[in-house]
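Survey of secondary and tertiary structure
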Amino acid sequence: MTFAIGGTLPVDRLGFGAMQLTGPGIWGPPRDHDEAVRVLRRAVELGVTFIDTADSYGPGVSEELIRAALRPYPENLVIATKAGLLRTGPDEWHTLGHPAYLRQQAELSLRRLGLDRIDLFQLHRIDSAVPLADQLGALTDLQKEGKIRHIGLSQVSVTEIQQAQAYADIVTVQNLYNVANRRADTVLDYCETEGLGFIPWFPMATGELARPGGPLDALATETGATPAQLALAWLLRRSPVMLPIPGTSSVAHLEENMAARDIALTDEQFRAVS
C-alpha cells in the first residue's frame, strides 16, 4: 500500500502528521517531551515512511522534535514540511507568502530538521497579496539549488492547482478532507487524474457518523474496529493517491491509528460509510 510522491519517493500511504506534538494552540513545546519523541520513534517502528510537519507548528518545535527523535534518518523516510503561515501566538495563523520569507523559512527548516534537502516542501497557503508566480518562484529557485526536491500545495481549489502548475511541477495537495467533510472531492478527483498525492488533513473527524446507531458505530460493532480506524480505512479505500496523516501525541493512540492499515472494507461497508 504505497504511493510514489513525484514518481520518485515511494511512501507507505498511511503517514504521520506531526502538528499535535507541540504545546496547546500548536504553540511552544509539548507537555511531555519524552512521549513526543517516543511517538515519532514508534511511528517509524510501525512502518511509517512519510511524516508531515511545518515550520509553523510550534513554531519550529515539531521540526526540532523530529530531528531529536529520528536523526540520523532511515533511508526510506520522507519528511515533508511547509511554509507560508506566520505565527503570532497560540491558535493564531496569518498567511505570508513573500518570496524572501518563504526562502528564509525553508532555510530554517533545513537547519532545524538537520537536512541538506527537503524531500517535499509545501506552500502552506497561497497569499492573495503576493503574485502566485513570485511565491512559487521562490520554491522553484530553492529546487534548482538542490535545497528542496518536490513542491506541494495546501488548501487549494482545482483552479489554483492549475494556475500553480504553470509555474512549478506540483506533486501533492494537502486539503481538509475526511469521511464527514468531502467538500474537496473535486480536488481529490483532479489529483487522481493528474497523479498527484492527496494529503487529507483532519482525516478522522467522524462527528455525527460515529454517534450511537450511526454508520461508523454500527460498523465498529460489526468489525471490532474503532470509528477512527474505520474513518482511516475509508480514506485509504477512497483513492489510490490518498495519503492520510493522522496525528497524535500518544503512543497508544498512534498504535490504534496505524492498525487501520489492516482493515479491508468490503464494497458494502465502504458504501455504508460513504
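Structure: see above.
The paragraphs below set out a description of the structure included in this document. (Residues numbered from 1 in each chain as written. Predicted model: local features only at pLDDT ≥ 70, side-chain atom pairs only at ≥ 80, totals over all residues. Heavy atoms only, no water.)

Focus: the nonpolar core
Rule in force here: The nonpolar core is taken to be a set of buried Ala, Val, Leu, Ile, Met, Phe, Trp, Tyr and Cys residues, with the residues joined through side-chain atoms within 4.5 Å. Throughout this description, buried means an accessible area under 20% of the type-specific maximum (1.4 Å probe, protein chains only), exposed means over 50%, and partly exposed covers the range between. Numbering of helices and strands starts at the N terminus; helices are DSSP runs of H or I of at least 4 residues and strands are runs of E of at least 2. Should any heavy atoms of two residues lie within 4.5 Å, those residues are considered in contact.
Counting residues in hydrophobic clusters, the biggest one holds 84 residues, and the most contacted among them are Phe16, Leu40, Phe50, Ile51, Ile66, Leu139 and Phe198. Sort the elements by how many residues they give to this core and helix α8 (residues 227-238) lands first, with seven residues. With near-sequence residues (within four places) excluded, Phe50 lies in contact with Ile5, Val11, Asp12, Gly15, Phe16, Leu77, Val78, Ala80, Leu120, Ile199 and Ile245.

A word on the environment of Ala69
Its location among the elements puts Ala69 in helix α2 (residues 61-70). Overall, the relative accessible area of 8% leaves Ala69 in the buried class. Sequence-wise, Ala69 and Val37 are 32 residues apart; in three dimensions their C-alpha atoms are separated by 5.1 Å. Residues in contact with Ala69, not counting those within four places in the same chain, are Val37, Leu40 and Arg41.

Examining the sheet that holds strand β9 (residues 148-154)
Just so we agree on the cut-off: Only strands that DSSP links by at least two bridges are regarded as paired with each other.
Overall, parallel pairing links the seven strands, which are arranged β3-β4-β5-β8-β9-β10-β11 in an open sheet. The sheet is open, and its two borders are formed by β3 (16-17) and β11 (197-201), each paired with just one other strand. Where strand β8 (residues 118-123) and β9 come together, five bridges link them in parallel fashion. What sits directly across from Phe121, in β9, is Ile151.

Some points on the pattern of salt bridges
Cut-off, in case you're wondering: One speaks of a salt bridge when a side-chain nitrogen belonging to Lys or Arg is within 4 Å of a carboxyl oxygen belonging to Asp or Glu.
Inspection of every chain in the model, using the stated rule, returns 14 salt bridges. One salt bridge connects Asp119 with Arg149, and the closest N-O pair in it is separated by 4.0 Å. Taken together, the residues span a long stretch of sequence, with Asp119 in strand β8 and Arg149 in strand β9 at a distance of 30 residues. Using a relative accessible area of 15% as the deciding quantity, one classes Asp119 as buried. With relative accessibility at 27%, the residue Arg149 sits in the partly exposed group. Connected via shared salt-bridge partners are Arg103, Glu107, Glu145 and Lys147.

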